[in-house]
Amino acid sequence: MLSPRWRKVFRDIQANLGQVALVVCAIAVGVVSVGWFTSSYGILSRELEANYVATNPASAILYLDDISPDVIESIQSRSDILDAEVMGMLQGRIHVDGEWRTFQLYVRQDYENTRINQLVPEDGEFPPPLGEILIERAALSVADADIGDEIQVQIENQEYTLPVAGTLHDLGVPPAWQENNVYAYATPETLTRLGIEIAFDELRITVAENAGDETHIRNVALDVTDWLESEGYTVFRVQVPPPLEHPNQNQMESLMMLLSGFGSLVFVLTAILVTNVMSAYLSKQVRQIAVMKAIGGRRGQITGLYVGMVLLFCALAALALPVGVIAGQETASFLASMLNFNIESETIPANILLLQVAMGLLVPLLAASYPIYRGTHVTVREALNDYGLSQNAFGARWFDRQLSRVRGVQRPLLLSLRNTFRQRWRLILTFSTLAIGGTLFMAALNVRASLLNSIDERYERQHYDIAINFADAYPAEQLESIAIATEGVVDAEAWGTGSGAIIDTNGTAGNTFIVLAPPAETPLVDWEVLEGRWLSGDIENGIVFNHALLAEYPDLQVGDEITLSLADRTQSWRLVGIVRETAAPPLAYIAYADFERATSLTGQAQRLMVVTDEHDEQSLIAAKQNLEASFDPTGMVMRSNLSSFDSRQIIEDHIVLITSFLVMAAALSLVVGGLGLMTTMGTNVLERTREIGVMRAIGASNNALTRIIVGEGVVIGLLSWLLAAVIVVPFSYIVAQQLGQSLLQTSLDFAVNPSGFVIWLGVVAVFSVIASWLPAWSANRLTVHDVLAYE
Amino acid sequence: MNTYIENGVPRRQIIKLEGVQKAYETSAGEFVALRDINLSIKTGEFATVIGKSGSGKSTLLNIIAGIDRATAGEVVVGGTSLNGLSENQLAIWRGKTVGVIFQFFQLLPTLTVAENVMLPMDFGRFLNGNKRKQRALDLLERVGIVGQAHKLPHTLSGGQQQRVAIARALANDPPILVADEPTGNLDTHTAEVVLNLFSALVNEGKTILMVTHERDIETRSHRLISLEDGRILVDGAGQKELKDALPTLA
């Protein structure tokens, strides 16, 4: 049988169901948010790594001539090599919905036994039957095809119709929808039948030890390179991807950063809510605490009651834990499908579960500990003398005195103003709750605006509308004249392009990157120069890095000499500038004149930048088609033909998960912040029920009381909005910069979304009125006697 | 505790205050509620404290009940010096030694009448769990409201609630009861019932110290202590002292 004091706990809960529901809701929201974010975090980080590692990703990729099987065996037998495998890849285009998209056809020698970057059969046939292809599962929608369909592809200026026999899963390639790229797989025999020559020129190796050590991998790859070259092979470049890191790891990490940061803040918010509501609850209980002390209740015993009560609330709120876990599992599953990997197990890691339980129990307990301490610390005499009117005499503080000098305001509003600042502790809690809610809401929108603004800014600095990549270098003047003669085109500029790699002092080539060679005075781009200057004809062999390339060589400085391998030649270049090019891969720019000298491709170009007369999407689609038609009869093979809309879409697809999450975070902040607003306003009024009774006793009408209470609510709401509006700018700036660095290796062009401020102001105003009107309405319904006897 | 013989009966000095002073810091400066109080109350005595509002009578009661602390002087109640006790120790001590009765009853609204009476036993670990209920019912029987034992306080009249409060004060069988204007909120008839109950308890050996404004208290109280401006104005048991003191009631 329960002792009377524990019965008191349960009956108090029964008697204060509304308030208890608020506390439990507040804890539950925290538990759900922590459960949600930590569960998805736990599942995604484990599964992405496990999935990727399970495919046995290549430690390094060496690009060389066609390689013979006996050489592979020799490499496999090396003690520092675990395994080696070759594959070939052809770049082409696929015809989808009236336009050409990029297409990559991978060729493996033995599909039944893929050992490095393993392929997993999905639907349909496996391995690819003779004359047919398989498509990467995430690329099926990009190809707008189904198993059994035939697709139109163009490889080396020849068009082929290929039946799709099935799908497979290749975790080694980025999600197709993000790249707007179709990955297909065929056997060497199929290519032979099609009359396409394929070179097995990609040698993929895995190292025998220290698979996570990039330096070790690079050293091993270079040893292999030396050996291959001693055998008469030419190794064009060596690529060492970040070890055991999925291509979309940084997107995932950025999302995780936001998830954990946002989850923590929501939990802080709910902790403040708990403090707020418990504080109000305890202040209502002060007299009862005093009575219990007066009849012999020890502080420990009484504290135990309220701690027990909070633990009970936690236990009730913990019922929401599965909701958070399920939400986390669903989120993980959704993100996994977006990033094209499988969730093998939705089990929540034990440490994450423990963390959820600990946070669900400890944080509310900690949040409630101060109100409990304060409530149970009060002496019997103080508590019995507490008639529910403020114990903090108004006028004792400087601010109060200033407020008391305010004149010319209606007395009820004056009372609202003074009441607002009377209980400093309560005010701080209320402000914190509302300001955090508002800050989260507005920050989510600001960060999203900053991301989109950065992309806008990038396209404002890019003055061409269509970029065409050709399969080979063609005469630059011819490219330009054909383009300019095309309907809808007003200008065109041919750029050189090639694959570059920096050679270090040991003669070792680093990862390759694209080198673009516009005319030095090109008007088509004016990237923001972070350091040094843009290209000019003044200095021979000047090179400009974009920020993403510099991030790979953080020790390099403007003015440094670098040795660059470009078009099979090694030359010395001087780093003259760093430019910011948001959402671009690592790139270097050299002047076209230098490109001609360095590559001997005099007057040749492989890339064509086109300016159109109209810049809307439909005009660009038409211009692209016109360009296709213009170049088709010339025999000049296009590899890709992307409008700024296409490339912008690819960039936006890369950040869509982040921006969607930010919108969701904003919506959740709205709910949690609104709940906080309702709770704090409600408890503010509830705490002063006795005072309301006094005001009614001296003649305040219902309307007058409502005006005072609602006025106070609105004052608090508006001040909290002001506070949030001030905090949110530096806060969202910091978050935007962190996110920019994590996702795009650059700071974002910070932008403020004014609608966030307006929406939050509206929310605060409406919620303040509702939240304070409801308790005022309840108080108005009580008789003066009831209110004065209010416990 | 000092024990001595009075009229052939051994009597103990159960409450002893020496040089007690109580001052409060207020925004207007220091307010002295009690000044140099010397007071001794014996076991089984029914002492009444009277005085105008603000004279310090409730403060005196609170200090004796360990609810408030003296700024200076010594307070010994039930053989225990209260001066050095922590709040916690005071609570434990109070649970065993003093039963407190308030003007506004102060019953816990979410506990039934019987549970309110059982609560001090629960806190003070008085009796075994299963015997507590029986004792609560006995005490409620004693105060004449056992029939209401399972009701919540708000369903009871003021007089009934005060009788529950008295039963609760008696729960741990403390030797001393302190009552701060226990009849202040009751009608004349109900006040009479409560005072009769107090008289009966005194006859059973309880010591009662009560603050009151009741005018006919001289017929029941053994001793009347009149306070004015924090000082004892009159302290006596005779009819003369009572008659002298009564005009000082507010």
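Residues numbered from 1 in each chain as written. Chains lettered and ligands numbered in written order. Predicted model: local features only at pLDDT ≥ 70, side-chain atom pairs only at ≥ 80, totals over all residues.

This part covers the pairing of strand 5 (residues 72-77) of chain B. In terms of strand pairing, strand 5 of chain B meets strand 6 (residues 80-81) of chain B through 2 bridges, oriented antiparallel. From the neighbouring strand, Val76(B) faces strand 6 of chain B, where its bridge partner is Ser81(B). (Pairing = 2+ DSSP bridges. Helix = DSSP H or I, 4+ residues; strand = E, 2+ residues; numbered from the N terminus.)

Bringing the interface of chain B and chain A into the picture now. With 25 residues of chain B in contact, the opposing surface of chain A contributes 25 residues. Going through the elements one at a time, helix 2 (87-97) and helix 3 (113-124) of chain B are the ones with two or more residues in the side of chain B that touches chain A. Ranked by residue count, the leading element in the side of chain B that touches chain A is helix 3 of chain B, at 7 residues. In the side of chain B that touches chain A, the residues fall into 11 nonpolar, 8 polar and 6 charged. (Contact = placed C-beta atoms within 7 Å. Nonpolar A, V, L, I, M, F, W, Y, C, P; charged D, E, K, R; others polar.)

For the rest of this paragraph, the subject is the pairing of strand 8 (residues 181-186) of chain A. Residue and element names in this part refer to chain A. Counting buried positions along strand 8 yields 6 of 6 residues, so the element is predominantly enclosed. Residues Asn 181, Tyr 183 and Tyr 185 line one face of strand 8 and the alternating positions Val 182, Ala 184 and Ala 186 line the opposite face, and both faces are buried. For strand 3 (residues 99-108) and strand 8, the ladder comprises 6 bridges, and the chain directions are parallel. Bridge pairing in strand 8 places Phe 103 opposite Val 182. Looking at chain direction, strand 5 (residues 133-136) and strand 8 are connected through 2 bridges and run antiparallel. Paired with Leu 134 across the bridge in strand 8 is Tyr 185. (Buried ≥ 20, exposed ≤ 12 C-beta atoms within 10 Å, placed from the backbone.)

Residue and element names in this part refer to chain B. Over its 16 residues, helix 6 (residues 188-203) extends 22 Å from the first C-alpha to the last, a length consistent with the 22 Å expected when each residue adds 1.5 Å. Listed as buried for helix 6 are Ala 191, Val 194, Leu 195, Phe 198 and Leu 201. Buried residues in helix 6, looked at end-on, bunch into an arc of 115°, giving them a common side. Among the exposed residues of helix 6, those pointing more than 90 degrees away from its buried face are His 189, Asn 196, Ala 200 and Asn 203. In this structure, the buried side of helix 6 is in contact with strand 4 (46-51), helix 5 (158-170), strand 8 (176-180) and strand 9 (207-211). Following helix 6 by one or two positions, Gly 205 adopts a phi angle in the positive range, close to 110°. (Expected span 1.5 Å × (residues − 1). Arc of directions from axis to C-beta.)

Residue and element names in this part refer to chain B. In the predicted model, chain B carries a mean pLDDT of 85, and the fraction of residues at 70 or more is 89%. The least confident element of chain B, judged by mean pLDDT, is strand 1 (residues 3-6) at 53; the most confident is strand 5 at 95. Scoring of the predicted complex yields 0.69 for pTM and 0.75 for ipTM. (pLDDT = per-residue confidence, 0-100.)

Attention now goes to unusual backbone geometry. Residue Pro127(A) is bonded to the preceding Phe126(A) through a cis peptide linkage, with omega at -5°. By secondary structure assignment, the location of Pro127(A) is in the loop between strand 4 (120-124) and strand 5. Here Asp173(B), not a glycine, exhibits a phi torsion of approximately 55°, which is positive. Relative to the helices and strands, Asp173(B) is located in the loop between helix 5 and strand 8. Looking at Asp173(B), the number of C-beta atoms within 10 Å reads 14, which means it is partly exposed.

Moving on, we come to the environment of Asn157(A). All names here are of chain A. Positionally, Asn 157 belongs in the loop between strand 6 (150-155) and strand 7 (158-169). You can call Asn 157 partly exposed: it has 13 C-beta atoms within 10 Å. Sequence separation between Asn 157 and Ala 471 is 314 residues; the distance between their C-alpha atoms is 8.7 Å. Excluding anything up to four places from it in sequence, Asn 157 contacts Gly 635 and Val 637.

Our focus in this paragraph is the environment of Thr570(A). Residues and elements named next belong to chain A. Checked against the element boundaries, Thr 570 lands in strand 17 (residues 569-580). Sequence separation of Thr 570 and Thr 599 is 29 residues, and the distance between their C-alpha atoms is 9.9 Å. The residues contacting Thr 570, other than those within four sequence positions of it, are Ile 503, Thr 563 and Ser 565.

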